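What follows is each chain in one-letter form.
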Amino acid sequence: MLRIGITGGIGSGKSVVCRVFQVLGVPVYDSDARAKWVMAHDTALRQELVAAFGTAVFGADGQLDRPYLARLAFNDPAQLAKLNGLVHPHVGRDFAEWSEGQAQLGKPYILKEAALLYESGAYKQLDRIITVFAPETVRHARVLLRDPHRTADDIVSIMGKQLSEEEKLQRADFIIHNDDQHLVLPQVLKLHQIILN
Ligand SMILES: CC(C)(COP(=O)(O)OP(=O)(O)OC[C@H]1O[C@@H](n2cnc3c(N)ncnc32)[C@H](O)[C@@H]1O)[C@@H](O)C(=O)NCCC(=O)NCCS
Ligand SMILES: Nc1ncnc2c1ncn2[C@@H]1O[C@H](COP(=O)(O)OP(=O)(O)OP(=O)(O)O)[C@@H](O)[C@H]1O
């Protein structure tokens, strides 16, 4: 079974592209969602998060206070590095377990969707990488619409915490252009056939 990563900067359209692969029957591991799940449910990680960021990291209801953590992490590189250092190893182990299960089901390939594949070292667990590309202006406009709670400055700040699109394009095995100029469906169908063959 091939393990294929799918990455791209904030707002590039990874989740949209992954939905198309899912319709084709390809299992998709959503790193963002799984990161949130382990942060909420792994007791050891919860304790580590409290030790690193204080009790305010979980609200009175026991849920992760994401706006609080976003303010801390996206405005301070040291705090972001600390958060990444705590969360990413858990996601790596969770993915290894999940993908082993998929291999036993006889799946020809799976996708791991993540904004940070190179930055987190996750690419080392993967056989190929797809980059979903859209120019910064398009991504910025999309995220402003999708996440009304984020300001324009918030989005620029998050973009600054991610590897440049140029580097992601250079390192990619496959590129999907999701820039409002190219149709996505034919690109996904073609890539699906290439991977299966
Ligand atoms: C900081 C947190 C709490 C902010 O939560 P919030 O709901 O505001 O944002 P959300 O998770 O939807 O992220 C928005 C976008 O920011 C980008 N982003 C998320 N985490 C990171 C990060 N560690 N570094 C750079 N960009 C990131 C992604 O493009 C993501 O889609 C959350 O992003 C988080 O827990 N991040 C750490 C886990 C992680 O690295 N996830 C991403 C890939 S595994
Ligand atoms: N081709 C497209 N046409 C119109 N809207 C799109 C297109 N691709 C993505 N979008 C929209 O842009 C927004 C960002 O897309 P998506 O959430 O898939 O990005 P992402 O790469 O997963 O972002 P993040 O890293 O923040 O998770 C969403 O609201 C999505 O519906």
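Residues numbered from 1 in each chain as written. Chains lettered and ligands numbered in written order. Predicted model: local features only at pLDDT ≥ 70, side-chain atom pairs only at ≥ 80, totals over all residues.

With that settled, the discussion passes to the overall build of the protein. Each helix and strand counted, the protein has 9 helices and 5 strands in total. Computed over C-alpha atoms, the radius of gyration of the protein comes to 17 Å, within 12% of the 16 Å expected from 2.2 N^0.38 for 197 residues, which places it in the range of a compact globule. Along the three orthogonal principal directions, the C-alpha set of the protein runs to about 50 × 40 × 30 Å. Per-residue burial for the protein yields a buried fraction of 25% across its 197 residues. Put simply, of all contacts in the protein between residues at least 6 apart along the chain, 76% involve residues at least 24 apart. (Helix = DSSP H or I, 4+ residues; strand = E, 2+ residues; numbered from the N terminus. Rg over C-alpha atoms; globule rule 2.2 N^0.38 Å. Buried ≥ 20, exposed ≤ 12 C-beta atoms within 10 Å, placed from the backbone. Contact = placed C-beta atoms within 7 Å.)

In this section: the UniProt feature "binding site: ATP" (unreviewed entry) in the protein. Feature annotation in UniProt assigns "binding site: ATP" (unreviewed entry) to the following positions: Gly11, Ser12, Gly13, Lys14, Ser15 and Val16. If you trace the backbone, Gly11 turns up in the loop between strand 1 (2-7) and helix 1 (14-23). Residue classification places Gly11 among the buried positions, given that 25 C-beta atoms sit within 10 Å. In this structure Gly11 touches Ala134, Arg139, His140, Arg142 and Val143, once residues within four positions along its chain are discounted. Following the sequence through the fold, Lys14 ends up in helix 1. The exposure class assigned to Lys14 is buried, which follows from the 26 C-beta atoms found within 10 Å. Residue contacts for Lys14: discarding those within four places in its chain leaves Ile6, Thr7, Gly8, Glu113 and Val132. (UniProt positions renumbered as here; feature names shortened; annotations may be inferred.)

Close to ligand 2 lie 14 residues; Gly13, Lys14, Ser15, Arg142 and Arg146 are nearest. The biggest single contributor to the shell around ligand 2 is helix 1, with 3 residues. (Near = placed C-beta within 6 Å.)

The full set close to ligand 1 counts 19 residues, and Ile10, Ser31, Leu69, Ala70 and Ala115 are the nearest of them. Contributing elements (two or more residues each) for the shell around ligand 1: helix 2 (31-41), helix 4 (66-75) and helix 5 (77-104). With 5 residues, the top contributor of residues to the shell around ligand 1 is helix 5. Classifying every residue of the shell around ligand 1 gives 13 nonpolar, 3 polar and 3 charged. (Nonpolar A, V, L, I, M, F, W, Y, C, P; charged D, E, K, R; others polar.)

Let us now look at the packing of helix 6 (residues 136-146) against helix 7 (residues 152-159). Interaxial distance between helix 6 and helix 7 falls to 10 Å at its minimum, and their mutual angle equals 130°. Taken together, helix 6 and helix 7 sit at an angle that is classed as oblique. You can see that helix 6 and helix 7 cross each other, and the crossing is right-handed. In this structure, helix 6 contributes Glu136, His140, Val143 and Leu144 to the contact, and helix 7 contributes Ala152, Ile155 and Met159. (Axes fitted to C-alpha atoms, helices over the stretch in contact; angles between N-to-C directions. Parallel < 35°, antiparallel > 145°, perpendicular 65-115°, else oblique. Left-handed = near helix turned anticlockwise from the far one by under 90°.)

The next thing to look at is the sheet that holds strand 1. Pairing is parallel in the open sheet, where 5 strands are placed in the order 2-3-1-4-5. Each having just a single partner strand, strand 2 (28-30) and strand 5 (174-177) make up the two edges of the open sheet. The average undirected angle you get between the axes of adjacent strands in this sheet is 25°. The pairing of strand 4 (residues 128-133) with strand 5 spans 4 bridges and is parallel. Among the inter-strand pairings, Ile130 is bridged to a residue of strand 5, identified as Phe174. Here helix 2 sits on the sheet in contact with strand 2 and strand 3 (109-113), set at roughly 50° to strand 2. (Pairing = 2+ DSSP bridges.)

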